[in-house]
Amino acid sequence: MNVPVWNPALEFMERDALERLQLAALRKTLVWALKTPFYQRRLADAGLKHPEDIASLRDLRNIPYTTKDDLRGAYPHGLLAVELERTVRLHTSSGTTGMPTVIYHTRQDLDHWTELVARCIVATGATARDVFQNMTSYGLFTGGLGLHYGAERVGMLVIPASSGNTSRQLQLMKNFRTTVVHATPSYLLHLHASLAGEGVTPDQLGLRKAFIGAEPHSEQTRRKIEDLFDIDAYNSYGLSEMNGPGVAFECVHKTGLHCWEDAYILEIVDPRTLQPLPEGETGEIVMTTLQRQATPLLRYRTRDLSHLVGGNCPCGRTHRRLARIKGRSDDMLIVNGVNIFPSQIEDMLMRIPEVGTNYLIQLEKRGSLDRLLVKTELNARLFTGDPRALDDLRDRIGELLRSAILVKPTVELHEPGSLPVSEGKARRVVDLRPAF
Ligand code: AMP
Ligand code: ZN
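Conventions we followed
- Residues numbered from 1 in each chain as written.
- Chains lettered and ligands numbered in written order.
- Predicted model: local features only at pLDDT ≥ 70, side-chain atom pairs only at ≥ 80, totals over all residues.
- Heavy atoms only, no water.
- Domains from an automatic or database assignment.
- Contact = heavy atoms within 4.5 Å.
- Salt bridge = Lys/Arg side-chain N within 4 Å of Asp/Glu carboxyl O.
- Buried < 20%, exposed > 50% of the residue type's maximum accessible area, 1.4 Å probe, protein only.
- Helix = DSSP H or I, 4+ residues; strand = E, 2+ residues; numbered from the N terminus.
- Pairing = 2+ DSSP bridges.
- Right-handed = clockwise from strand over helix to strand, strands pointing away.
- Donors = N, O, S within 2.8 Å, 3.2 Å for Na, K, Ca; no water.
- Tetrahedral: all angles 85-135°; square planar, octahedral: opposite > 155°, others 65-115°.
- Near = heavy atom within 4 Å.
- Polar contact = N/O pair within 3.5 Å; in protein donor to acceptor, adjacent residues only side chain to side chain.
- Axes fitted to C-alpha atoms, helices over the stretch in contact; angles between N-to-C directions.
- Parallel < 35°, antiparallel > 145°, perpendicular 65-115°, else oblique.
- Left-handed = near helix turned anticlockwise from the far one by under 90°.
- Nonpolar A, V, L, I, M, F, W, Y, C, P; charged D, E, K, R; others polar.

Undergrad: What should I look at first to understand the domain arrangement of the chain in this one?
TA: Taken as a whole, the chain is organised into domain 1 (1–329) and domain 2 (333–431). Averaged C-alpha coordinates put domain 1 and domain 2 at centres separated by 32 Å. Residue-level contacts link 15 residues of domain 1 with 11 residues of domain 2. The interface formed by domain 1 and domain 2 includes zero salt bridges.

Undergrad: Would you take a moment to explain the pairing of strand β3 (residues 131–134) for this structure?
TA: One face of the sheet, then the other: side chains in a regular strand alternate in exactly this way. Going residue by residue along β3, you find V131 and Q133 tucked away on one face and F132 and N134 tucked away on the opposite face as well. Sheet analysis places β3 next to strand β4 (residues 157–159), joined by three bridges and oriented parallel. Bridging from a neighbouring strand, V131 pairs with L157 of β4. In this region the chain leaves β3, passes through helix α6 (residues 142–154) and returns to the parallel neighbour β4; the handedness of that crossover is right-handed. Where β3 meets strand β5 (residues 180–183), three bridges bridge the pair, whose relative direction is parallel.

Undergrad: Help me understand the pattern of salt bridges in this model?
TA: Side-chain pairing between opposite charges can occur once the charged atoms of the two side chains come close. According to the stated counting rule, one finds 31 salt bridges in the structure shown. The partner of R433 in a salt bridge is D370, and the shortest N-O contact between them spans 3.1 Å. Note that R433 is positioned in the segment after β21 (429–431) and D370 in strand β19 (residues 369–378), a separation of 63 residues in sequence. Accessibility assignment for this pair places R433 and D370 in one class, buried. Look at the salt bridges and you will find they share partners, linking E219, R222, R223, E250 and R324 into a network.

Undergrad: Looking at this model, I keep getting lost on the coordination of the zinc ion (ligand 2). Mind explaining?
TA: Six octahedral donors around a metal ideally subtend angles of 90 or 180 degrees, whereas four tetrahedral donors ideally subtend 109.5 degrees. Every protein donor of the zinc ion (ligand 2) is accounted for by C251 (SG), H258 (NE2), C313 (SG) and C315 (SG), and the metal-donor separations fall at 2.1 to 2.3 Å. One way to put it: the four donor atoms around the zinc ion (ligand 2) meet at angles of 101 to 120°, and that makes the site tetrahedral. Sequence positions of the donors to the zinc ion (ligand 2) reduce to the motif C-x6-H-x54-C-x1-C. Of this pair, C251 sits in the loop between β8 (244–250) and β9 (257–259) while C315 sits in the loop between β13 (308–309) and β14 (321–322), and the two are 64 residues apart along the sequence. The same class applies to C251 as to C315, namely buried.

Undergrad: Got a minute to help me understand the site of ligand 1 in this structure?
TA: In the region of ligand 1, 20 residues are neighbours, and N235, S236, S240, D304 and N339 sit closest. A distance of 2.8 Å separates a nitrogen atom of ligand 1 from a polar atom in the side chain of N235. S240 is positioned such that a nitrogen or oxygen atom in its side chain is 2.7 Å from an oxygen atom of ligand 1. Top contributing element to the shell around ligand 1 by residue count: strand β7 (residues 232–239), with five residues.

Undergrad: Explanation requested: the sheet that holds strand β6 (residues 209–213) in the structure shown.
TA: Strand pairing within a sheet occurs via backbone hydrogen bonds; the two strands may be parallel or antiparallel. An order of β4-β3-β5-β6-β7-β8-β9-β14-β13 is seen for the nine strands of this open sheet, with the pairing classed as mixed. Unpaired on one side and paired on the other, β4 and β13 mark the two borders of the sheet. Relative to β8, helix α5 (residues 107–123) is tilted by about 30°, and along the sheet it contacts β6 and β8.

Undergrad: Would you mind going over the sheet that holds strand β12 (residues 300–306) with me for this structure?
TA: Pairing is antiparallel across the open sheet formed by four strands, whose spatial order is β10-β11-β12-β15. The open sheet has two edge strands, β10 (264–269) and β15 (327–328), and neither has a second partner.

Undergrad: Where do I start with the packing of helix α10 (residues 342–349) against helix α11 (residues 387–405) in this structure?
TA: For any two helices packed against each other, one specifies the inter-axial angle together with the distance between the axes. Closest axis-to-axis distance for the α10/α11 pair is 10 Å, and the angle between their directions is 135°. Comparing their axes, α11 and α10 come out oblique. For the pair α10 and α11, the crossing hand works out as right-handed. In this structure, α10 uses Q344, I345, M348 and L349 to contact α11, whose residues at the interface are I397, L400, L401, S403, A404 and I405. When the residues that make up the contact of α10 with α11 are grouped by side-chain class, the tally is eight nonpolar, two polar and no charged.

In structure tokens form, the structure reads like this:
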């Protein structure tokens, strides 16, 4: 069978050659990591001072894990491994209490990332003849620029539509006969629900494929998207700490997401014991960058839960596959593709004097999109009951939260003492979205 492929030498590389390449790249990565103040300390504590201390890939286990909190602690320069003038871009992502994490890229880092994304795109059967509309946001979020440069490298005509503005998205799709889109699964469902209202029928669109990612979704959701639009939808997994999109992607066979193991060392570990788990067992994805100079990361705990798929993929690629993401081992919420930690909401609420001590975060589905509802009690001392003042306060809280978490929640104000108080550990998050 003729398999569409971008880089056959690397994508079909024999496992033993791939592992030799990984070991050499890991040692190089240690050299880079040892240039950062963070890893100098961390690796010295673990007795690792030289790249030669890693004699085989098994020695990876002697390297300590890196967490999102480590990245926050090292913000903004503690994990920078090259001189600032060699970097050409940075991306940030949300941290647990609003403190972001930052990843720097050199020109070569961006080039490697672009190559990985190009591989993913071509593995789905998309080609230079496709018209690609990128419906994820351009900016610090990596989904926009990441896919953009990969698609340009493949030679597609790229429409950098960014996120939102459904009627414009549809207009662009119709006018330019978009054949491939990239979006969150919830946005694609929303787009479909908007077709009738915009006077568009699916057959007026020339769509063939969608790349869907940035949020957990089920096989049923994928099928629904495929049936509604009569297209093929491919799961795309990535995270800004590992560049962004381009980490793992489904090929035409949709048997799991090939993870590019020449660029990342992939491990699945038990999130409680942190012991590595064998193929088939569900645990946390841990990844080590093998190509990134500006911000090398060793054994980064992604907090995403998945397992390795056994057997070989009919496409012949030798890079192992991740099963679709099952959830997270921390409390991070993903609301319409945006990552939010409940602690960011609490942090902001508690800075507002008019807010009382009890609050509740509720997530619901409204149509295909997520809705974030923040219910907060008022401070008894400042509670006057004046409706105008309450409206103003509601708007102000909404705006302050939006600035902190990048999502505008619906805010509900409640009288002091009226929200349920749980005995023992407070239950602050109620997720009413159907299980994915
Ligand atoms: P960010 O660093 O902002 O790009 O967010 C990355 C996070 O989004 C990952 O750690 C996952 O929790 C989530 N994510 C990204 N892609 C997928 C996907 N295909 N399925 C499920 N979750 C995803
Ligand atoms: Zn495959």
